[in-house]
Amino acid sequence: MSEPTIVYRFKNGLYINLTNRCPNLCVFCIKTKWHMQFDGHNLDLQGKEPSAQEVLALLDKELHRAPVQEVVFCGYGEPTMRLEVVLAVGRALKKAQAAGEYPPFRIRLNTNGLGNLINKRDIVPELRSAVDVVYVSLNASDEEQWRKLLRPAPGYENGFASVLDFLKKCSAAGFERVAASCVDQTGADPAAVRALAASCGACFNEREYLDEQ
Ligand code: SF4
């Protein structure tokens, strides 16, 4: 098997693969179906999660190679399982940007929205100092559907309310953009998910169901 990829380019962004751990097992998750591969990269960290220093060194190399529009915390796992690294990397990037070391780019967190439950505290004020944009994978318009589609692990079965609360807190916190998403073809009604996102003060992104690699 090829070496695990920690930082990779995709479209106009640089993506950071921090962990393979996630409290959900979504029916639409591509990590198992695509055997931990994505766009030619092996995202299987094989239990060796990178440190903030490793991530920053890899980003620095790429950012000097060619500019990007955004840097995104999003691999085959839930980034807030490694909140301390998200915060350290995001804050260091912001500091470097302010010092003019890199051309401008946005910092985005892609998350399942369970970060407050995972970390047992309200993480939104800390996130605000490290990222500009938050995308929450919502995918359901009610708790029953959320459980059915996202298949949370024991301890997270009641996480839907926490995801909505996280969305509301993010929307009130002044990020550049907060959006909830819904993957199509899962049985969830995108219009209902959009309405729920709007009731939490968030925008909406519909995402394509990924099947073939
Ligand atoms: S939350 Fe994301 S990483 Fe976790 S199982 Fe769902 S799609 Fe996969």
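The following paragraphs examine the structure supplied in this document. (Residues numbered from 1 in each chain as written. Predicted model: local features only at pLDDT ≥ 70, side-chain atom pairs only at ≥ 80, totals over all residues.)

Examining the sheet that holds strand E5 (residues 70–73)
Two orientations exist for strands paired in a sheet by backbone hydrogen bonds: parallel and antiparallel. Pairing in this open sheet of 7 strands is mixed, and the strands run E1-E2-E5-E6-E7-E8-E9 from one edge to the other. The two strands at the open ends of the sheet, each matched to only one other strand, are strand E1 (7–10) and strand E9 (203–207). Between one strand axis and the next, the sheet turns through 25° on average, direction left out of account. Sheet contacts for helix H2 (residues 52–65): E1, strand E2 (13–16) and E5; angle to E1, the most-contacted strand, approximately 35°. (Pairing = 2+ DSSP bridges. Helix = DSSP H or I, 4+ residues; strand = E, 2+ residues; numbered from the N terminus. Axes fitted to C-alpha atoms, helices over the stretch in contact; angles between N-to-C directions. Contact = placed C-beta atoms within 7 Å.)

Some thoughts on the packing of H2 against helix H3 (residues 83–98)
Close contact between H2 and H3 brings their axes to 9 Å; oriented N to C, the two are set at 35°. Crossing angle aside, the handedness with which H2 passes H3 is right-handed. Along its contact with H2, which presents Ala52, Val55 and Leu56, the element H3 presents Val85, Ala88, Val89 and Ala92. Its residues assigned to classes, the contact of H2 with H3 shows 7 nonpolar, no polar and no charged. (Left-handed = near helix turned anticlockwise from the far one by under 90°. Nonpolar A, V, L, I, M, F, W, Y, C, P; charged D, E, K, R; others polar.)

Let's talk about the pairing of strand E6 (residues 106–111)
In terms of strand pairing, E5 meets E6 through 4 bridges, oriented parallel. Directly across from valine 71, in E6, lies its bridge partner isoleucine 107. The parallel pair E5 and E6, bridged by H3, forms a crossover whose chirality is right-handed. In terms of strand pairing, E6 meets strand E7 (residues 133–137) through 4 bridges, oriented parallel. Directly across from arginine 108, in E7, lies its bridge partner valine 133. (Right-handed = clockwise from strand over helix to strand, strands pointing away.)

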